Structure formats: structure tokens, C-alpha cells
Number of protein chains: 2
Amino acid sequence: MRIVKEHEERRNEILNSAQTLFVTKGYTKTTINDILQAVGIAKGTFYHYFKSKEEVLDAIIERIIQADVAKAQHIASDATLSAMEKLFAILLAQAPQQGDHKEQLIEHLHQPDNAEMHQKSLVQAIIHLSPILTEVIEQGIEENIFQTNYPQETVEFLLVSAQVIFDEGFFQWQPEEMLQRATAFVQLIERALGAKEGSFQKMLTILLK
Amino acid sequence: MRIVKEHEERRNEILNSAQTLFVTKGYTKTTINDILQAVGIAKGTFYHYFKSKEEVLDAIIERIIQADVAKAQHIASDATLSAMEKLFAILLAQAPQQGDHKEQLIEHLHQPDNAEMHQKSLVQAIIHLSPILTEVIEQGIEENIFQTNYPQETVEFLLVSAQVIFDEGFFQWQPEEMLQRATAFVQLIERALGAKEGSFQKMLTILLK
DNA sequence: CTGATATGACCGACTGTCGGTCTATATTTA
DNA sequence: TAAATATAGACCGACAGTCGGTCATATCAG
């Protein structure tokens, strides 16, 4: 049967189905035919929209990161907030990844053996999120609550650590191991940014979702 | 033509050729036939030694990590060294990855888009190296040169950061960007471990290889 | 209003590649 | 010489990607 749709609508259908499959089965194990079946289209249609399977992955990652970046940008540009408030708000906005096409993700754990997706997410997150966070840190330095000569690089290190350590796809921690790492991470942030000891304690609540 | 070799010798030939190919072309883009051609053997011979392409990758990673772990273990168990000396020595031993089957790697850059290899290396390095380093840190705490309640977790964070940020496969930094990150990383180590400011300055020399 | 034409969404058979299997044969060892 | 081990390459199924073409719709000429 033949059903005609608008370009963007069809494209999003493909992205949505592919995202669900990539997350649940893993990118490599998901076949083009899986996607075709899920969307209910033919091969040709798929390749009318994307020129490869990897291009779909890139589009999905971009869509996810784009949403996070938008939130972060919005918070960072609020002139009424202190650096610390911004930092908390941005980190809080990342953690629970809800939203239109993300509801699905919460249910399923990140798939181990999904290296491509993990790596691409990581790299894109660093590239797009770190400039925004760096500005917030610089604001915090002016406010005299942070102290470091390397705001940009510190942000990168912290983002990488958090993404890898807390991503279920890399390590499968027990609950108490997770708690331990979250606590340690809070201390690491404080020390790395040169913040007052205990000033990030509130973040524990956020991390323990 | 038919050439018979000892089990270990043939196996190592396969690992060596595969490693070169994985590093230069990337794991996914390297085909079994590429390996067969490089070694000069037939399909059946390959599968006599390994039951899958991924098993070859795992064996390669294990071989690399194993060498690093052995070095680290040897240093860590030297009772005449201070914690700081051990730390330097271990990190120094990692950086320039020379040796029998590693000479090749130095020449070629790490391939971007080699997610499987990067991820597996990272995870294995953390798993096998962090216990050894943790003991060294604990020694340093007893020596009163480090101060942290989370030696294990701190080591994990630092290892992850270093592996990802300094791995050419993830980001391609310019020389001055690399220097900047190395300097920032030195400060991060000091702060994370609660060491005296400047005590890790010597490490810069090591990192700048 | 109506037929011609252009656009692009849609289809699925087909192709080439690749990881992996299977069977045959040669060599070594006991 | 029998069993175990090593080597060979033909073969297979699954999969990503291609290709030639159909069909719906919008626009425009008469």
C-alpha cells in the first residue's frame, strides 16, 4: 500500500523508529529492514531521506544534543541567575532526558555494545555543551565562587568523566557503587573548579535520579 | 601453497596484522579478507584460531592492556618507591606505547570513527589499571601527600578523562590546544588528589611526548 | 475547467560485500 | 596407521545500499 506524507513528517517518523531501535537493540544490530518494518515503508523510501544508516544515527544524535544545548543556552543567557544557579539548572536539565521523542529512552537502559552511539553522543555533547558551560564557569570566577585558570579544559574533563562513568552503556554499577561515584564526583567538581567545599552538595540530589 | 607454523606464531601473525589494520583503517572497515590477505592465509585458517572478528579485537585489546598492567604492577610493588615516584613511573610507562607489537602504532594516527576499539580499550584500561593506581594513591594518603576520601573513584575519573581527551581518535587537537589540556590536566590531578599545588609539574614533561 | 507537465514521494527487486560455515585435504604426532 | 591438528577455499545467508520505475499532487497553458 502506498501512503504519501509530507517530507518532514516522514523524516521524523524514520528518526523516531530508528531511535527506539538503536536504543533498544543497539545501532549495529538494528538492520535497515527493522527500520523499514517499524515505519512501514520500503527501502527506496528510506534512502530517499537518508543516504546511509550512519546518517540516520548522526541525525538522531544531533536532534538529542540540539535539545539539550537549547535548554542550556536558555538558562545560561538568563541574566538574573548566579553562576551557581545556572550550573545547577543546566545539569538538572540534562539528567532527565524527557521530551517528545525521548520518552522512550527513559524506559530502556542504554544498551551496552553500542559504541558508535555512545562515542558520537559523547563527542557532540562535549563540542556543543562545553562552550556554554565554560561561560558559566567564567561568570563564577568573576563572582569569586570558582577559581581556575582553565575553565574550558576543566569543563571538558568533567563532562567526559560524567558522561562515561554515569553512562550505563560503559559500566554497570550497583546502586551503592553509583552513589559512591556520584558523591565522589561532587567532590571532584568542587575541587576542579576551586569552589568552596560542600557548595555542590545539593547536586547529589539531582544526580541521584 | 600451504605453510604450517606453530600455533602461537600463527596466532600472533594474525593479531599483528589485524592490529595494524584496525588501527589504520578502523575496526569496522577492516574486513576479514583484509586480514587474510595481510597474513597470507585462508578463511578456514583464520577461523581455526579465532571464532569471530570481535574475538580478535578483544585479544588485541587484552594484549595491549596486559602489557601496561604488567608494567604498572611491577612498579607498584616496588617497596623502595614513594607513592609519588610510583605514580610518575606508572604514568610514564603508559604514555609512549612502544614495544614488540606496538612500534607500528606510533607511526599512524589513531583512526577517528573507531568507536569499538576506543571503547573497549577505555573500559579495559579502567578495569585493570585503576585497582593498581588506587593502591598507590592510598599509599600516598598514608604518606600525607594526597588527601581524598575517594581514591578509587578519583582514579577512575582521571583515567577516563585522560584516555578520552588525549586519545587522538576522539578529538584532533592542535599542538597548542594539546599543551593547554595537558597543563590543565596536571592541575586537575593535583586538585583531585588533594596534592600540593605544583607537585605534579614534572608530569608535564612526561605528557608532552 | 481541463489536459499536459513537472516534482518528488514511494516502491521492491536486485547487487555486491562481508562475516561466518562447512567439507576436504595435508601434516604432525602418538 | 589412526587420531589430532592445521590449512585451504568453496559456499552461504544476511545485510547495506542501488536502480529503474510508479503514483500522487501541484502548477500552468489553453
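*Asks:* Which residues make up the packing of aromatic side chains, and what values go with them?
*Replies:* According to the stated counting rule, one finds 16 aromatic pairs over all chains in the structure shown. Note on Phe88(A) and Phe200(A): the rings are 5.7 Å apart at their centroids and 55° apart in plane angle, and the pair reads as tilted. Of this pair, Phe88(A) sits in helix 5 (residues 83-94) while Phe200(A) sits in the loop between helix 9 (175-193) and helix 10 (203-207), and the two are 112 residues apart along the sequence. With respect to class, Phe88(A) is no different from Phe200(A); both count as buried. Ring centres of Phe46(B) and Phe50(B) lie 6.1 Å apart, and the angle between their planes is 45°; on these two criteria the pair is classed as tilted.

*Asks:* Describe in detail helix 7 (residues 115-142) of chain A, supporting the description with residues and values.
*Replies:* Residue and element names in this part refer to chain A. Between the first and last C-alpha of helix 7 there are 39 Å, a value that for 28 residues agrees with the 40 Å anticipated at 1.5 Å per step. Residue Ser130 marks the point of greatest curvature in helix 7, where the axis turns by about 40°; the proline Pro131 follows within four residues. Of the residues one or two after helix 7, Asn144 is the one with positive phi, at around 65°.

*Asks:* Now, about the nonpolar core: what can you tell me, with residues and values included?
*Replies:* Phe200(A) and Phe200(B) are the most contacted members of the largest nonpolar core, which has 133 residues in total. Ignoring anything within four residues of it in the chain, the contact list for Phe200(B) reads Met84(B), Leu87(B), Phe88(B), Phe146(B), Val186(B), Ile189(B), Glu190(B), Leu193(B) and Ala195(B).

*Asks:* Describe the pattern of salt bridges, listing the residues and the values that go with them.
*Replies:* Under the defined criterion, the tally for this structure stands at 14 salt bridges over all chains. As a salt-bridge pair, Arg181(B) and Glu156(A) come within 2.7 Å of each other at their nearest N and O atoms. Of this pair, Arg181(B) sits in helix 9 (residues 175-193) while Glu156(A) sits in helix 8 (residues 151-166), each in a different chain. Glu156(A) carries the same exposure label as Arg181(B), and that label is buried. In the salt-bridge network here, residues are joined through shared partners; they are Glu54(A), Asp58(A) and Lys120(A).

*Asks:* Give a detailed account of the confidence of the model for chain A, specifying residues and quantitative values.
*Replies:* Within chain A, residue pLDDT values average 88, and 89% of them lie at 70 or more. Counting interchain partners and residues more than four positions distant, the pLDDT-below-50 stretch residues 97-104 of chain A has 15 contacts.

*Asks:* Mind laying out the interface of chain A and chain B, listing which residues take part and the relevant values?
*Replies:* Residue-level contacts link 35 residues of chain A with 35 residues of chain B. Where chain A abuts chain B, roughly 3,200 Å² becomes buried across the two surfaces, and 64% of that area is made up of carbon and sulfur atoms. Along the contact surface separating chain A from chain B lie 2 salt bridges. Seen at the junction of chain A and chain B, the total is 10 residue pairs in polar contact (both at pLDDT 80 or more). Ranked by residues supplied to the side of chain A that touches chain B, first place goes to helix 9 of chain A with 10 residues. Tallied by class, residues from the side of chain A that touches chain B come to 18 nonpolar, 12 polar and 5 charged.

*Asks:* Please provide a residue-by-residue account of the protein's contact with DNA strand C, values included.
*Replies:* If you check the shell around DNA strand C, you find 22 residues, and the closest are Lys5(A), Gly44(A), His48(A), Ile32(B) and Lys43(B). Counting only the atoms of DNA strand C within 4 Å of the protein, the fraction contributed by sugar and phosphate is 59%. Taking His48(A), its side chain carries an N or O atom lying 2.3 Å from a phosphate oxygen of DNA strand C. Within the backbone of Ile32(B), one N or O atom sits 2.7 Å away from a phosphate oxygen of DNA strand C. When the residues that make up the surface near DNA strand C are grouped by side-chain class, the tally is 8 nonpolar, 7 polar and 7 charged.

*Asks:* Residues and numbers for the packing of helix 1 (residues 7-25) of chain A against helix 2 (residues 32-39) of chain A, please.
*Replies:* Residue and element names in this part refer to chain A. Between helix 1 and helix 2, the least distance of the axes is 9 Å, while the angle of their chain directions is 125°. Judged on the interaxial angle alone, helix 2 and helix 1 are oblique. Between helix 1 and helix 2 lies a crossing of right-handed hand. Residues Glu13, Ile14, Ser17, Ala18, Leu21, Phe22 and Lys25 of helix 1 form the contact with helix 2, whose participating residues are Asp34, Ile35, Ala38 and Val39. Taken together, the residues of the contact of helix 1 with helix 2 sort by class into 7 nonpolar, 1 polar and 3 charged.

*Asks:* Give a description of the relation of the copies chain A and chain B that names residues and reports values.
*Replies:* When chain A is fitted to chain B, the residual RMSD is 0.2 Å, and the transformation amounts to a turn of 179° plus an axial shift of 0.1 Å. Both copies are brought into coincidence by an operation consistent with a two-fold rotation axis. When the interface residues of chain A are mapped onto chain B, 100% of them again lie at the interface, so the same face is used by both copies.

*Asks:* Describe unusual backbone geometry, with residues and values.
*Replies:* All names here are of chain A. Unlike most non-glycine residues, Asn144 shows phi in positive territory, near 65°. Mapped onto the elements, Asn144 comes out in the loop between helix 7 and helix 8. Note on Asn144: relative accessible area 68%, which makes it exposed.

*Asks:* Could you give me a rundown of the packing of helix 4 (residues 53-76) of chain B against helix 5 (residues 83-94) of chain B, with the residues and numbers involved?
*Replies:* Each pair of packed helices can be summarised by the angle the axes make with each other and by the distance between the axes. All names here are of chain B. The contact between helix 4 and helix 5 brings their axes to 9 Å, and the two run at 160°. In terms of axis orientation, helix 4 runs roughly antiparallel to helix 5. Crossing angle aside, the handedness with which helix 4 passes helix 5 is right-handed. Contacts between helix 4 and helix 5 involve Asp68, Lys71, Ala72, Ile75 and Ala76 on the former and, on the latter, Lys86, Ala89, Ile90, Ala93 and Gln94. Classifying every residue of the contact of helix 4 with helix 5 by side-chain character gives 6 nonpolar, 1 polar and 3 charged.

*Asks:* Quick one: what's the story with helix 9 of chain A, residue by residue and with numbers?
*Replies:* With 19 residues, helix 9 of chain A should reach 27 Å at 1.5 Å per residue; the first-to-last C-alpha distance of 27 Å fits that figure. In the stretch just after helix 9 of chain A, Gly194(A) is the one whose phi turns positive, near 70°.

Reading the values: rules and limits
Residues numbered from 1 in each chain as written. Chains lettered and ligands numbered in written order. Predicted model: local features only at pLDDT ≥ 70, side-chain atom pairs only at ≥ 80, totals over all residues. Heavy atoms only, no water. Phe/Tyr/Trp six-rings, centres within 6.5 Å; stacked < 30°, edge-to-face > 60°. Helix = DSSP H or I, 4+ residues; strand = E, 2+ residues; numbered from the N terminus. Buried < 20%, exposed > 50% of the residue type's maximum accessible area, 1.4 Å probe, protein only. Expected span 1.5 Å × (residues − 1). Bend = angle between axes of the 7 residues up to and from the residue. Core = buried A, V, L, I, M, F, W, Y, C linked by side-chain atoms within 4.5 Å. Contact = heavy atoms within 4.5 Å. Salt bridge = Lys/Arg side-chain N within 4 Å of Asp/Glu carboxyl O. pLDDT = per-residue confidence, 0-100. Buried area = accessible area lost by both parts, 1.4 Å probe. Polar contact = N/O pair within 3.5 Å; in protein donor to acceptor, adjacent residues only side chain to side chain. Nonpolar A, V, L, I, M, F, W, Y, C, P; charged D, E, K, R; others polar. Near = heavy atom within 4 Å. Axes fitted to C-alpha atoms, helices over the stretch in contact; angles between N-to-C directions. Parallel < 35°, antiparallel > 145°, perpendicular 65-115°, else oblique. Left-handed = near helix turned anticlockwise from the far one by under 90°. Least-squares fit on C-alpha atoms with pLDDT ≥ 70 in both.

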